[in-house]
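Understanding the architecture of this molecule
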Amino acid sequence: AQKITQTQPGMFVQEKEAVTLDCTYDTSDQSYGLFWYKQPSSGEMIFLIYQGSYDEQNATEGRYSLNFQKARKSANLVISASQLGDSAMYFCAMYMDSSYKLIFGSGTRLLVRP
Amino acid sequence: DSGVTQTPKHLITATGQRVTLRCSPRSGDLSVYWYQQSLDQGLQFLIQYYNGEERAKGNILERFSAQQFPDLHSELNLSSLELGDSALYFCASSTRQGDGYTFGSGTRLTVV
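Described in the following lines is the structure provided in the data block.

1. Regarding the overall build of chain B
Within chain B, the regular secondary structure consists of 0 helices and 11 strands. In chain B, the order of α-helices and β-strands from amino to carboxyl end is β-β-β-β-β-β-β-β-β-β-β. For chain B, with 112 residues in total, the buried portion stands at 49%. Considering only contacts in chain B between residues 6 or more positions apart, those separated by 24 or more positions represent 52%.

2. So, the sheet that holds strand β7 (residues 64–68) of chain B
All names here are of chain B. Strand order in the open sheet formed by 4 strands is β1-β3-β8-β7, and the pairing between neighbours is antiparallel. Each end of this open sheet is capped by a strand with a single partner; those strands are β1 (5–7) and β7. Taking the axes of each pair of neighbouring strands and ignoring which way they run, one obtains an average angle of 15 degrees across the sheet.

3. What about the layout of surface pockets?
The space that makes up the largest pocket amounts to roughly 390 Å³. Lining the largest pocket are 21 residues, with Gln39 of chain A together with Gln37, Leu39, Asp40 and Arg108 of chain B sitting closest to its centre. Mapped by element, the contributors of at least two residues to the lining of the largest pocket are β10 (88–96) and β12 (108–113) of chain A together with β9 (87–93) and β11 (107–111) of chain B. A per-element tally of the lining of the largest pocket places β10 of chain A first, with 3 residues. Grouping the constituent residues of the lining of the largest pocket by class yields 9 nonpolar, 9 polar and 3 charged. The space that makes up the second largest pocket amounts to roughly 290 Å³. If you trace the second largest pocket, you find 15 residues lining it, with Ile103 and Phe104 of chain A together with Leu43, Gln44 and Asn59 of chain B closest to the centre. Every element with two or more residues in the lining of the second largest pocket is listed here: β1 (3–5) and β11 (101–104) of chain A together with β5 (43–50) of chain B. Partitioning the lining of the second largest pocket into residue classes produces 5 nonpolar, 7 polar and 3 charged.

4. Side note on the packing of aromatic side chains
Under the counting rule described, the total for this entry stands at 18 aromatic pairs over all chains. Centre to centre, the rings of tyrosine 37 of chain A and phenylalanine 104 of chain A are 5.8 Å apart; their planes meet at 50 degrees, and the pair counts as tilted. Here tyrosine 37 of chain A is found in strand β5 (residues 32–39), whereas its partner phenylalanine 104 of chain A is found in strand β11, with 67 residues between them in sequence. Between phenylalanine 104 of chain A and tyrosine 35 of chain B the ring centres are 5.3 Å apart and the planes differ by 85 degrees, which places this aromatic pair in the edge-to-face class. In this pair, phenylalanine 104 of chain A sits in strand β11 while tyrosine 35 of chain B sits in strand β4 (residues 31–37), so the two residues belong to two different chains. In this structure, arginine 113 of chain A is placed above the aromatic ring of phenylalanine 12 of chain A, and the distance from its NZ or CZ to the ring centre is 4.0 Å. Across the ring face of tyrosine 50 of chain B, the terminal group of arginine 55 of chain B is positioned such that the distance to the ring centre comes to 4.3 Å.

5. Considering the side chain of serine 53 of chain A
Residues and elements named next belong to chain A. Within the element layout of this structure, serine 53 appears in the loop between β6 (46–52) and β7 (60–61). Within the structure, serine 53 has its side chain in polar contact with the backbone oxygen of glutamine 30 (distance 3.0 Å). Residue contacts for serine 53: discarding those within four places in its chain leaves Gln30, Ser31, Tyr32, Phe68 and Lys70.

Conventions we followed
In this numbering scheme, every chain counts its residues from 1 along its sequence in written order. Here chains are named by letter from A upward and ligands by number from 1 upward, in the order in which they appear as written. Whole-chain, interface and lining totals are the exception, using all residues; otherwise, since this is a predicted model, local features are given only for residues with pLDDT of at least 70 and side-chain atom pairs are given and counted only at 80 or more. Note that the side-chain values use all heavy atoms of the structure and ignore hydrogens as well as water. For helices the rule is a DSSP run of H or I covering at least 4 residues; for strands it is a run of E covering at least 2, with both sets numbered from the N terminus onward. Burial status follows relative accessibility: with a 1.4 Å probe on protein chains alone, a residue under 20% of its type maximum counts as buried, one over 50% as exposed, and anything between as partly exposed. Between two residues, a contact is recorded if the distance between any of their heavy atoms is within 4.5 Å. We call two strands paired when DSSP finds no fewer than two bridges between them. Lines fitted to the C-alpha atoms define the axes, with helices restricted to the stretch that makes contact. Angles between their N-to-C directions range from 0 to 180 degrees. Cavities and pockets are defined on a 1 Å grid built over the protein atoms alone: a cavity is a set of grid points where a 1.4 Å probe fits but cannot escape, while a pocket is an open set with protein on both sides within 12 Å along at least five of seven lines, and lining residues are those with an atom within 4 Å of any such point. Grid points are joined across faces, edges and corners, and a volume is the space filled by probe spheres set on the points. Side-chain classes are defined by residue name, with Ala, Val, Leu, Ile, Met, Phe, Trp, Tyr, Cys and Pro counting as nonpolar, Asp, Glu, Lys and Arg as charged, and the others, Gly among them, as polar. Only the six-membered ring of Trp is used, alongside the rings of Phe and Tyr, when aromatic pairs are assigned; centres must lie within 6.5 Å, and planes under 30 degrees apart are stacked while those over 60 apart are edge-to-face, with the rest tilted. The criterion is that NZ of a Lys, or CZ of an Arg, lies within 6 Å of the ring centre and within 35 degrees of the ring normal, and then a charge sits over that ring. Residues adjacent in sequence count toward polar contacts only when both atoms are side-chain atoms; beyond that, a polar contact is any pair of N or O atoms within 3.5 Å, and within protein one must be able to donate a hydrogen and the other to accept it.

If you want it as structure tokens, here you go:
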């Protein structure tokens, strides 16, 4: 079954600390892409970071990094030096080349405490 | 402005009615994805079009249909609306996977 699982419905982090949001995926595809999106309370979907299944190095974009462990089928998002503006819903997503589908996990709500 | 345009932004309609949501992808993007996001839930994949052709289908109800026109804009038609269809409907487009999928600001549909 093709599925994205985010097991943390909600998380707290102290401002300036790092936080890891978990994501596991299930697919039999060899070629796929993994994404993280941020959805603030305003509702828009903001693309954060991408990891291709054949990329050997973990992706990084500023304060965001993706901890890709292919054998474990996990693609955790690490946010370093959390800021108050990081408080939002975060979604993990997967695109599968065989089906052309882009599917999303259920999301993790992150609250950054001052 | 993400470059993906969705209209209208808000829509209130009665049960049993039919509505059409419109999406214009970013210039040059050939694909359009449609998603439904019910309150405090994840995004449910509905359907994808690529250059006018349906390419992937998700959990789209039979009461829902979509199409992509020659100018690449897409419309999602929702008919016989029920209270449970109230949700935020997003469309997204992409040129290159590594650049991510760009989402529109969504259409918030309220069925009363």
